[in-house]
Amino acid sequence: MKYTQLGRTGLKVSRLVLGTMNFGPQTDEADSHAIMDAALDAGINFFDTANVYGWGENKGRTEEIIGNWFAKGGDRRDKTVLATKVYGNMGADGEAWPNHDKLSAVNIRRAVDASLKRLQTDHIDLYQFHHIDRDTGFDEIWQAVDTLVQQGKVLYAGSSNFPGYKIAQANETAARRGGTIGLVSEQCLYNLAERRAEMEVVPAAREYGLGVIPWSPLHGGLLGGVLKKEVQGGRRASGRAADTLADPAGRARVQAYEDLLDKHGVEPGEAALAWLLTRPGVTGPIVGPRTAEQLASALRAVELELSDELLTGLDEIFPGPGPSPEAFAW
């Protein structure tokens with residue numbers, strides 16, 4: 001495994017991030033524990049989760065599965081850089097009692113303590129804001145985070161799904177307040193097929209020293225050889241992948257992508273991950289394996305070197321927006 005610093009911090013994290021969103025809803029506890037053990041054995045030390053994972057009436061279940069894994073001992077917690085998130089409504093029925101969601105100081109304090117209990121740990125390494133809160137100012141948010149840092153419950157703060165201007169606003173507020181280092185990472189939707197983050201989010205993250213953590217690096221399976229699997233009678237596309245394939249132009253791009261990688265003898269899913277690892281500012285993509293083989297495929301991507309010819313071909317099929325402001329100004 002290869003490692004890098006998380007943004008401007010001294011924290012070393014693996015170039016792959018283990019996503020745990022499937023733990024509970026799609027992967028049972030025993031298999032989830034086996035995947036985490038395999039990931040740690042392979043050198044992945046960066047695990048990502050959220051308080052709402054488990055979904056519906058099972059919100060919090062994913063954190064509980066991770067907590068039970070930590071409880072097995074064997075230095076599991078000590079070797080893991082643990083990231084979780086706050087913002088979502090934790091009510092099973094979808095109804096949030098006032099102050100039981102978003103980023104008020106009251107909810108941040110409550111949510112941290114609840115996550116720590118489920119995770120069976122005394123601290124969270126990276127506490128991420130899962131969404132912007134339009135009703136809560138960053139002065140209040142940083143006051144709450146500073147208190148948690150002083151208490152030893154949280155070490156670093158990060159954002160998720162933030163636009164570029166909010167990253168700037170958050171860290172300018174942190175700088176003005178003093179005593180806090182502000183956001184150190186941004187977790188965003190970013191992959192070959194969805195490159196809008198390159199216009200504002202990635203530049204803002206790089207300017208302020210945030211590590212970029214792409215989620216959905218295969219765009220819901222679209223970049224994982226979806227057409228080849230379709231021919232072979234495999235799992236049918238859904239969500240973002242299905243929406244893209246429903247458009248003839250989108251389907252043609254995916255076919256060109258798979259044909260290009262077939263020509264170079266590279267597996268699509270591995271190429272999509274390897275491409276992200278070449279992008280400036282990227283710490284590492286989040287991979288959410290449901291099986292041991294999916295984890296093995298992701299691990300191969302770390303060692304995969306993409307030729308200049310292949311990188312050029314990928315850019316031609318999935319061009320980015322270009323630099324900002326030129327991308328939208330002229």
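Residues numbered from 1 in each chain as written. Predicted model: local features only at pLDDT ≥ 70, side-chain atom pairs only at ≥ 80, totals over all residues. Heavy atoms only, no water.

Engineer: Before we go on, may I ask you to explain the layout of surface pockets in this structure?
Structural biologist: If you roll a probe as big as a water molecule over the atoms, it shows you where there is empty space left. In this structure, the largest pocket occupies an estimated 1500 Å³ of space. Around the largest pocket, the lining is made up of 49 residues, and of these Leu 218, Gly 220, Gly 221, Gly 288 and Arg 290 lie nearest the centre. Mapped onto the lining of the largest pocket, the elements with two or more residues apiece are α8 (226-231), α9 (239-245), α11 (268-277), β10 (286-287) and α12 (292-303). A per-element tally of the lining of the largest pocket places α12 first, with six residues. Residue composition of the lining of the largest pocket, grouped by class: 15 nonpolar, 23 polar and eleven charged. The space that makes up the second largest pocket amounts to roughly 220 Å³. (1 Å grid on protein atoms, 1.4 Å probe; cavity = no way out; pocket = protein on both sides within 12 Å on 5 of 7 lines; lining within 4 Å. Points joined across faces, edges and corners; volume = space filled by probe spheres on them. Helix = DSSP H or I, 4+ residues; strand = E, 2+ residues; numbered from the N terminus. Nonpolar A, V, L, I, M, F, W, Y, C, P; charged D, E, K, R; others polar.)

Engineer: Could you clarify how one ought to interpret unusual backbone geometry in this entry?
Structural biologist: Leaving glycine out, the prevailing phi sign among residues is negative, and the prevailing peptide bond configuration is trans. With an omega of 10°, the peptide bond running from Ser 324 to Pro 325 counts as cis. Its location among the elements puts Pro 325 in the loop between α13 (308-317) and α14 (326-329). Unlike most non-glycine residues, Asn 99 shows phi in positive territory, near 75°. Of note, Asn 99 is situated in the loop between β5 (81-86) and α4 (105-119).

Engineer: Can you help me understand the packing of aromatic side chains in this one?
Structural biologist: All chains considered together, the criterion is met by seven aromatic pairs. Ring centres of Phe 129 and Trp 142 lie 6.0 Å apart, and the angle between their planes is 65°; this geometry places the pair in the edge-to-face category. In this pair, Phe 129 sits in strand β6 (residues 124-129) while Trp 142 sits in helix α5 (residues 138-151), placing the two residues 13 residues apart along the sequence. Here the aromatic rings of Tyr 190 and Trp 275 are separated by 5.9 Å at their centres, their planes lie at 70°, and the arrangement is edge-to-face. With Tyr 190 in the loop between β8 (183-189) and α7 (201-207) and Trp 275 in helix α11, this residue pair connects regions lying 85 residues apart in the sequence. Looking at Tyr 190, the relative accessible area reads 1%, which means it is buried. Counting every residue linked through ring pairs, the aromatic cluster contains Phe 47, Trp 69 and Phe 70. Its guanidinium or amino end placed over the ring of Phe 70, Arg 77 lies 5.3 Å from that ring's centre, counting from NZ or CZ. (Phe/Tyr/Trp six-rings, centres within 6.5 Å; stacked < 30°, edge-to-face > 60°. Buried < 20%, exposed > 50% of the residue type's maximum accessible area, 1.4 Å probe, protein only. Lys NZ or Arg CZ within 6 Å of the ring centre and 35° of its normal.)

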